[in-house]
Amino acid sequence: MVVLAASVVSKSGKVIVSRQFVDMTRYRIEGLLAAFPKLVGTGKQHTFVEAENVRYVYQPIETLFLLLVTNKQSNILEDLETLRLLSKLVPEYAMGLDEDGIGKAAFELIFSFDEVISLGHRENVTVAQVKQYCEMESHEEKLHKLVIESKMHDVKEVMKRKANEIDRSKIEKTRGDKGGFMSLQSMGSGRIESSLSDIAISRSSSGGFGGGSGFGLNSDVDSYSTKPKGRPPSAATAPPKGSGMQLGKMQKSNPLLESLKAEGEVIVDEVQPASLKSKSAAPPPTDPITLTVEEKINVSLRRDGALSSFDVQGQLSLQILEEKDAYIQVQVESGGNPGILFKTHPNINKELFASENILGLKDPNRPFPIGQSGDGVGLLKWRMQGADESALPLTINCWPSVSGNDTYVNIEYEASSVFDLRNVVISVPLPALREAPNVRQIDGEWRYDSRNSILEWSVVLIDNSNRSGGMEFIVPATDPSNFYPISVRFSANSTFSDLKVVNVLPLKQGPTPKYTQRILLQTENYQVRPGRRSRPL
């Protein structure tokens, strides 16, 4: 088996990403990829096509093709297995399965392809292992970044000192005048007024659609700034107690910096203002239109596997950045689940949604709100209740048994074939222990939280290769009820409603606006409680 190249191309033959694993010229690989769309016929069920010297093994992914170029002597079964693994990696790193989404994640896809294929031969790896290899961190890289940040911090401190020296020289020059004290006092008052006006402007601009906190602050600042100018000078110069900037305040130590210092590295601590941290924590969205389909699941199970409660709540949210893209309608489709009840926003045209599955405002001349924070404005909500055990994405069975001075605990999970679960964490409470439990067998990884006495069992991805798994550990003899309630966390890229955005329809003349669709299912409260114990047969 020799894989010549792994590529993502459009149906017209445009190359989005391509990685070559053998020596070949650029003209040769471009010629091979340009010939591929001409060889693919319509209405055929084959996943490969052969040319004179090479074989193309491909798989459609929406409007694109995931393509392997191999020699004709390669094993087709191994090529198909390699293609299947790559098709799972592409959605992991690309935000959208279109040209823009693939192009933004080009380097991540190339790195993941290199982990799967080496010198044209497939490596024996899984999706979880590839993600782990690509996310490995470098100690030298961290140290280099910290040194760069410390140098930038030193430069900022020098700039602040220079600015303070200039301000002091101006103040001393002003004191030499006859009315030095009064001019200094008026200068300080002007600075306070200008800073208050800046606060009012910044709050009014960041209020957004439906924000009320910014309006209240603006009104207070305006009433304060419009007071008569004849107030006492001390009111303008004396800052309020407990507010303002405090120089020389001790900051919390960085654990990473402390660990590097303990290893003998020389690190200069960097102090960042709180305003900079808050800005970096919430980066603004970059896509013109973002549609988010999100479902949250709440499940309560008994220890015998019986279902106590089941509730799924979903929402379709819309986020628009510019007003020119706000005159639109959203066309959706669902899986036709009869147990799901949909409810539109009061401003949405209910008749249009009921007849054509199109979400649009009652007044077509009115735009959607723009610049929403978080997930945007909700267009559609739905709920699903009272399902049976077959609808559960994941079931957990715990079998504790006491033998002598030890308790042997076996935990098993079984996942539904409908969902591929990601970042699964099963948290099992334990009695107070002096040391970590003895984990004898596990499918995945485990971590013991000694402070809260919780054993966390984590699985990066649950798909068709590991729909079931188990863990066995030993602790000192204890009551079996101490291992409950068991909490579960996971997420998935498919939902119970199977709601998807089909198209975004512009109401004004112009091209169809670009949009990004995000689909997410995540747990809100998923637990296995003691309940009633089943009677032995």
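Structure's up top.
Residues numbered from 1 in each chain as written. Predicted model: local features only at pLDDT ≥ 70, side-chain atom pairs only at ≥ 80, totals over all residues. Heavy atoms only, no water.

*Asks:* Explain helix α5 (residues 127-134) here, please?
*Replies:* For α5, the full list of buried residues reads V127, V130 and K131. For α5, the buried positions fall inside an angular range of 100° around the axis, keeping them on one side. (Buried < 20%, exposed > 50% of the residue type's maximum accessible area, 1.4 Å probe, protein only. Helix = DSSP H or I, 4+ residues; strand = E, 2+ residues; numbered from the N terminus. Arc of directions from axis to C-beta.)

*Asks:* Help me understand unusual backbone geometry, please; the structure alone is not making it clear to me.
*Replies:* In this structure, the amide linkage connecting Y484 to the following residue, P485, adopts the cis form with an omega of 0°. Within the fold, P485 resides in the loop between β20 (468-476) and β21 (486-492). The backbone of N357 shows a phi angle near 55°, a positive value even though the residue is not glycine. By the element assignment, N357 lies in the loop between α12 (350-356) and β12 (358-359). The partly exposed category is assigned to N357, whose relative accessible area is 35%. Phi is positive for N423, which is not a glycine, with a value near 50°. Take N423: it is sitting in strand β16 (residues 421-429).

*Asks:* Explain helix α6 (residues 139-175) here, please?
*Replies:* For an α-helix, 3.6 residues make a turn, and residues three or four places apart therefore share a direction. Given a rise of 1.5 Å per residue, 37 residues ought to cover 54 Å, and the 54 Å separating the end C-alpha atoms of α6 matches this to within 8%. Every buried residue belonging to α6 is among L143, L146, S150 and H153, and all of these are buried. (Expected span 1.5 Å × (residues − 1).)

*Asks:* So what exactly am I meant to see when it comes to the nonpolar core here?
*Replies:* Side chains of a nonpolar character, in soluble globular proteins, are inclined to be buried together. Among the nonpolar cores identified, the biggest contains 63 residues, and L316, L394 and F473 are the most heavily contacted of them. Filtering out sequence-adjacent residues up to four positions away, F473 remains in contact with T407, Y408, V409, I411, V428, L430, P437, N438, V439, R440, L455 and F483. The next biggest cluster of nonpolar side chains, apart from the first, holds 29 residues, and it includes A6, I16, A94 and V116. (Core = buried A, V, L, I, M, F, W, Y, C linked by side-chain atoms within 4.5 Å. Contact = heavy atoms within 4.5 Å.)

*Asks:* Would you mind going over the packing of aromatic side chains with me for this structure?
*Replies:* Here a ring pair, both rings aromatic, is described through the centre-centre distance and the interplanar angle of the planes. The tally for this structure, following the rule as stated, stands at 10 aromatic pairs. Centroid distance F419 to F496: 5.0 Å. Interplanar angle 50°. Geometry classified as tilted. On the criterion of sequence distance, the pair formed by F419 in the loop between β15 (406-415) and β16 and F496 in the loop between β21 and β22 (500-506) is long-range, its members being 77 residues apart. A relative accessible area of 3% places F419 in the buried class. With centroids separated by 6.2 Å and ring planes inclined at 70°, the aromatic side chains of F473 and F483 adopt a geometry described as edge-to-face. Within this pair, whereas F473 is found in strand β20, its partner F483 is found in the loop between β20 and β21, the two being separated by 10 residues in sequence. The class of F473 is buried, set by a relative accessible area of 0%. We note K508 situated over the ring of Y327; from NZ or CZ to the ring centre the distance is 3.8 Å. (Phe/Tyr/Trp six-rings, centres within 6.5 Å; stacked < 30°, edge-to-face > 60°. Lys NZ or Arg CZ within 6 Å of the ring centre and 35° of its normal.)

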